[in-house]
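What follows is the residue order along each chain.
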Amino acid sequence: MENKNIIITRKIQLLIDSEDAEVVKQAKAQLYQWQNICFRAANMIMSHQFIQEQVKDFFYLTEDIKLKLTDQKKDEDGILTLSKEGATYHVLSQHFKGQVPMNMMGNLNHSLLSYFNKEKTAYWKGEKSLRNYKKNIPMPFGAEVISKFSLTPDNRNYSFKLFQIPFRTYLGRDKSDKKIMLERIRTGVLKLRASHLQLVDGKVFLLAAIQIEKERHVLDPAVIAEATLAIEHPITVKIGKYEHAIGNKEEFLHRRLAIRAAIYRVKKGAVFNRGGHGKKRKMKSLDDYKQQEKRYVEQKLHVYSRMLINFCIKHQAATLLLVNQRAKEELAKEDPFLLQNWSYCSLKEKIGYKAEKAGIQVIVE
């Protein structure tokens, strides 16, 4: 049966909801401690899962060793005292219980095991390396640990408690649908699923995973849209006798190269900038330009992918075929210019996400 729901993510800035500076300081220190534990735990989980799968290659073990990665209680040939997921959870419990909420460890264990199972075939073939997590890893948690979710007195933000830490959202001049989504969560129209907390440069962000229904459109399974991603036009789509070019080289690539040129000039002149706070102050203008480039590219790719999906919906295409996309990505890896300036993978991800939301199947050729 087709799943009618989809999970979308919204990044929302959070503030510690307290006027006491000491409370805010302690709360942030607690979050950073949890983040460090999640970083250590994540790499520990992946290492244990990898070793479990590799046990069969330990040919020097005696013949009496049973080599079946299952719970011994369920299978007499099993070598585990628990399930695979239970085994790594037990390891985390032994190392970190009392230092971090075990709800966080349970969700981390579950999500990483899911990634591992999806990618393990690629590990054995040498196509992918084992995931390695950094110290800025997002911290997962279940939606059930959020309590007292309510509107703030100014009716502009929302407050809640997470692991007994008081938070409130900071939506600012929100031009997206974040406030609408949060209000629907508050009223029970939408459901919040297992989400993440992320710490970036001293700021706290909620990566809210929200369950919504897929859009309902009249689509014809017999209609197939063929899309080509290229430099001259970011997307060219063809449906029967209809063909449409989305964006152009001058609009996207030339503008991006202009920003890159500005970055190069600012980088050369950064040595003459006034200091006072070391490298951070000297390089501030350079960082601003890099963020500008990132925002520009993200905005353009969102617009292009939305225009493509709207075109498919208009012509009732139930299937979207990305023509020769794998070959183009391989060529892009060999061409330094394309690799640095053309965001094939990011555009493909945005197309896939929007297509799934609209109920359109994407096939990468």
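Engineer: An account of the sheet that holds strand 11 (residues 220-229) is needed here, citing residue identities and associated values.
Structural biologist: Within the open sheet, the five strands sit side by side as 13-12-11-14-15. Their pairing is mixed. What marks the edges here is a single partner per strand, and that holds for strand 13 (242-246) and strand 15 (361-364). Pairs of neighbouring strands in the sheet enclose a mean axial angle of 20°, with direction left out of account. Bridge count between strand 12 (residues 235-239) and strand 13: five bridges; the pairing is antiparallel. Counterpart to Ile 235 in the pairing with strand 13 is Ile 246. Along the sheet face, helix 7 (residues 284-314) touches strand 11, strand 12, strand 13 and strand 14 (317-322) and points at about 5° away from the line of strand 12.

Engineer: Tell me about the pairing of strand 10 (residues 203-213), residues and numbers included.
Structural biologist: Most of strand 10 sits out of view: nine of its eleven residues are buried. In this sheet, strand 10 lies alongside strand 1 (residues 5-16) in antiparallel orientation, the contact comprising ten bridges. What sits directly across from Ile 8, in strand 10, is Ile 210. Looking at chain direction, strand 8 (residues 191-192) and strand 10 are connected through two bridges and run antiparallel. Note on strand 10: the bridge partner recorded for Lys 191 is Gln 211.

Engineer: With reference to specific residues and values, describe the layout of surface pockets.
Structural biologist: Taken as a whole, the largest pocket encloses approximately 1,900 Å³ of empty space. Put simply, the parts of the chain that give the lining of the largest pocket at least two residues each are strand 1, strand 10, helix 6 (279-282), helix 7 and helix 10 (344-358). Class assignment of the residues belonging to the lining of the largest pocket gives a composition of eight nonpolar, six polar and 22 charged. Of the volumes computed, that of the second largest pocket is approximately 720 Å³. Listing elements by their share of the lining of the second largest pocket, those giving two or more residues are strand 1, helix 3 (102-125), strand 9 (195-200) and strand 10. Among the elements that take part in the lining of the second largest pocket, helix 3 stands out by supplying eight residues, more than any other. Looking at the lining of the second largest pocket residue by residue, the class counts come to eleven nonpolar, seven polar and three charged.

Engineer: Tell me about the packing of helix 1 (residues 21-54) against helix 3, and please be specific about residues and values.
Structural biologist: Following both chains from N to C, one finds helix 1 and helix 3 inclined at 40°, their axes separated by 9 Å at the closest point. By the angle between their axes, helix 1 is oblique relative to helix 3. Relative to helix 3, the crossing made by helix 1 is right-handed. Here helix 1 contributes Trp 34, Ile 37, Cys 38, Ala 41, Ala 42, Ile 45, Met 46, Gln 49, Phe 50, Glu 53 and Gln 54 to the contact with helix 3, which in turn contributes Met 104, Met 105, Leu 108, Asn 109, Leu 112, Leu 113, Phe 116, Lys 120, Tyr 123 and Trp 124.

Engineer: A description of the environment of His 217 should follow, citing residues and the corresponding values.
Structural biologist: Assignment of secondary structure puts His 217 in the loop between strand 10 and strand 11. As a C-alpha pair, His 217 and Gly 359 span 142 residues in sequence and 7.6 Å in three-dimensional space. When neighbours within four sequence positions are excluded, His 217 is seen to be in contact with Ile 313 and Ala 358. Engagement of the side chain of His 217 in a polar contact is seen with the side chain of Glu 215, the distance being 2.9 Å.

Engineer: How would you summarise unusual backbone geometry if you had to cite specific residues and measurements?
Structural biologist: In this structure, Lys 148 takes a positive phi of about 55° despite not being glycine. Mapped onto the secondary structure, Lys 148 falls in strand 5 (residues 146-151). Overall, the relative accessible area of 64% leaves Lys 148 in the exposed class. Its identity is not glycine, yet Gln 164 carries a phi of approximately 65°, on the positive side. One can find Gln 164 in the loop between strand 6 (158-162) and strand 7 (165-169).

Engineer: Mind laying out the pairing of strand 6, listing which residues take part and the relevant values?
Structural biologist: The buried fraction of strand 6 amounts to four of the five residues, a majority that puts the element mostly inside the structure. Bridge count for strand 5 against strand 6 is four bridges, and the pairing is antiparallel. Residue pairing across strands places Ser 147 opposite Lys 161, the latter belonging to strand 6. Counting the residues between successive antiparallel strands, the hairpin from strand 5 to strand 6 contains six residues, one of them, Asn 155, with a positive phi of roughly 60°. The pairing of strand 6 with strand 7 spans four bridges and is classified as antiparallel. Among the inter-strand pairings, Phe 160 is bridged to a residue of strand 7, identified as Phe 167. Taking the residues that link successive antiparallel strands as the turn, the strand 6-strand 7 hairpin has two residues, and the phi of Phe 163 there is positive, at about 55°.

Engineer: So, the nonpolar core: which residues are in play, and what are the values?
Structural biologist: Formed by 49 residues in total, the largest nonpolar core has its most connected members in Leu 31, Met 105, Leu 108, Phe 167, Leu 197 and Ile 210. For this core, the element with the highest residue contribution is helix 1, accounting for ten residues. If sequence neighbours within four positions are ignored, Met 105 has contacts with Ile 37, Cys 38, Ala 41, Leu 92, Phe 96 and Val 100. The next biggest cluster of nonpolar side chains, apart from the first, holds 32 residues, and it includes Ile 235, Ile 246, Leu 253 and Leu 301.

The rules behind the values
- Here the residue index of a chain counts from 1 through its sequence in written order.
- Where local features are concerned, this predicted model is filtered to residues with pLDDT of at least 70; where side-chain atom pairs are given and counted, the filter is 80 or more; whole-chain, interface and lining totals use all residues.
- Excluding hydrogens and water, the side-chain figures rest on all heavy atoms present in the structure.
- Strands qualify as paired when DSSP identifies two bridges or more between them.
- A run of DSSP states H or I qualifies as a helix once it reaches four residues; a run of E qualifies as a strand once it reaches two. Both are numbered from the N-terminal end.
- Angular values range over 0 to 180 degrees, each being the angle between N-to-C directions of two axes fitted as lines to C-alpha atoms, with helices fitted over their stretch in contact.
- Contact definition: two residues touch when any of their heavy atoms are within 4.5 Å.
- Here the term buried applies to any residue with accessible area under 20% of the maximum for its type, exposed to any over 50%, and partly exposed to those in between, with areas from a 1.4 Å probe on protein chains only.
- We place a 1 Å grid over just the protein atoms. Points where a 1.4 Å probe fits but has no way out form a cavity, open points with protein on both sides within 12 Å along at least 5 of 7 lines form a pocket, and any residue with an atom within 4 Å of a point lines it.
- Grid points are joined across faces, edges and corners, and a volume is the space filled by probe spheres set on the points.
- Just so you know the grouping, Ala, Val, Leu, Ile, Met, Phe, Trp, Tyr, Cys and Pro go in nonpolar, Asp, Glu, Lys and Arg go in charged, and all remaining residues, Gly too, go in polar.
- Our angle categories are set so that under 35 degrees counts as roughly parallel, over 145 as roughly antiparallel, 65 to 115 as roughly perpendicular, and the remainder as oblique.
- Handedness of a crossing is defined here by the sense of rotation of the near helix relative to the far one, left-handed for an anticlockwise turn of less than a right angle and right-handed for a clockwise turn.
- Nitrogen and oxygen atoms within 3.5 Å of one another constitute a polar contact, given that in protein one can donate a hydrogen and the other can accept it, and given that sequence-neighbouring residues count only through two side-chain atoms.
- By convention a nonpolar core is built from buried Ala, Val, Leu, Ile, Met, Phe, Trp, Tyr and Cys residues, the set being connected through side-chain atoms within 4.5 Å.

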